[in-house]
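# Understanding the architecture of this molecule
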Amino acid sequence: MNASSDPDRVLRIRKYPNRRYYDSTRSRHLTLEGMYSAIRGGYDVEVTDSETGRDITSRVLAQILIEFSPAKLTVFPPALFHRLLRSEDARARDVALVPATLAERPRPGSDSGSKRPRR
């Protein structure tokens with residue numbers, strides 16, 4: 001069972017302007033490192049901006065990934081990042097649904113991939 005199917009394993013967190021996070025599920029303040037530990041422990045998080053009520057979960061998860069597990073970013077091909085950065089915000093979700101073949105393409109300058117033998 002994953003956390004998203006169990007409401008008891010979802011932490012609802014609010015981010016305040018002073019960059020503090022408050023876990024309203026467990027009534028306590030939380031750091032990014034605390035969220036990372038909770039996620040590693042099987043919890044899902046839902047993060048909202050306290051002023052706007054806007055869902056900022058993806059942004060916070062990306063920040064956690066960058067700060068605490070940067071090596072995992074290598075699972076995404078650089079082409080995906082380029083496409084996301086070049087896309088309009090409204091189309092970013094479509095851009096993220098990149099065909100699997102894009103992820104399998106060799107990176108420029110790498111020795112992987114099929115090369116034709118010279119004749």
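Refer to the preceding data block for the structure.
Residues numbered from 1 in each chain as written. Predicted model: local features only at pLDDT ≥ 70, side-chain atom pairs only at ≥ 80, totals over all residues. Heavy atoms only, no water.

## Some thoughts on a nonpolar patch on the surface
The cut-off we apply is this: What goes into a patch is any residue over 30% in relative accessible area without a salt bridge, connected to like charges within 9 Å or, for nonpolar side chains (Val, Leu, Ile, Met, Phe, Trp, Tyr), within 5 Å. Note that accessible areas follow from Shrake-Rupley with a 1.4 Å probe, and for residues the cover is restricted to the protein chains shown. By salt bridge we mean one thing: a side-chain nitrogen of Lys or Arg within 4 Å of a carboxyl oxygen of Asp or Glu. A run of H or I in DSSP counts as a helix once it spans at least four residues, and a run of E counts as a strand once it spans at least two, with each numbered from the N terminus. Residue exposure (1.4 Å probe, protein chains only): buried if accessible area is under 20% of the type maximum, exposed if over 50%, otherwise partly exposed.
A contiguous nonpolar surface patch, about 480 Å² in accessible area, is contributed by V75, F76, F81, L84 and L85. Among the structural elements, L85 can be located in helix α3 (residues 78-86). The class of L85 is exposed, set by a relative accessible area of 71%.

## Considering the pattern of salt bridges
Pairs can form between side chains of opposite charge whenever their charged atoms are close. Scanning the entire structure with this criterion turns up two salt bridges. The partner of R12 in a salt bridge is E46, with the nearest N and O atoms 3.5 Å apart. With R12 in strand β1 (residues 10-15) and E46 in strand β4 (residues 44-49), this pair connects stretches of sequence that are 34 residues apart. We note a salt bridge from R26 to D23, for which the minimum N-O separation is 2.7 Å. R26 gets classed as partly exposed once you look at its relative accessible area, which sits at 30%. D23 sits in the buried class, given a relative accessible area of 0%.

## Notes on the pairing of β1
Stated precisely, the cut-off is as follows: Two strands qualify as a pair provided that DSSP identifies no fewer than 2 bridges between them.
Where β1 lies against β4, six bridges are found, and the strand directions are parallel. Considered in β4, the bridge of R14 is made with T48. Of the strand pairs in this sheet, β1 and strand β2 (residues 21-23) are connected by three bridges, and their pairing is antiparallel. The residue bridging K15 from the neighbouring strand is Y21, located in β2. In this antiparallel pair of consecutive strands, β1 and β2, the connection spans five residues, and R19 shows a positive phi of 70°.

## Some words on the nonpolar core
Using the following cut-off: What is meant by a nonpolar core is a set of buried Ala, Val, Leu, Ile, Met, Phe, Trp, Tyr and Cys residues, joined one to another through side-chain atoms within 4.5 Å. Two residues form a contact once any of their heavy atoms are found within 4.5 Å.
Core analysis: the largest hydrophobic core is formed by 13 residues, its most contacted members being I13, Y21, M35, V47 and V60. The set of elements that each furnish at least two residues to this core consists of β1, α1 (32-40), β4 and α2 (57-68). Of the residues forming this core, the biggest block, three residues, is contributed by α1. Those residues in contact with I13 that lie beyond four places of it in its chain are Y21, Y22, D23, L30, M35, V45, E46, V47 and T48.

## Re the side chain of S69
By the element assignment, S69 lies in the loop between α2 and α3. Contact partners of S69, with chain neighbours within four places excluded, come to Y36 and I64.

## What to know about the packing of aromatic side chains
Put simply, the test is: Stacked, tilted and edge-to-face are the three classes assigned to paired rings of Phe, Tyr and Trp, where Trp is represented by its six-membered ring and a pair needs centres within 6.5 Å; plane angles under 30 degrees give stacked, over 60 edge-to-face, the rest tilted.
Counted according to the given criterion, the structure contains two aromatic pairs. Seen from their ring centres, Y36 and F68 are 5.2 Å apart, and the 15° between their planes marks the pair as stacked. Taken together, the residues span a long stretch of sequence, with Y36 in helix α1 and F68 in helix α2 at a distance of 32 residues. Summarising the aromatic geometry, the rings of F76 and F81 are spaced 6.0 Å apart at their centres and angled 75° between planes, so their arrangement reads as edge-to-face. On the basis of relative accessible area, F81 is assigned to the partly exposed category, the value being 35%.

By themselves, these observations are geometric and do not establish any function.
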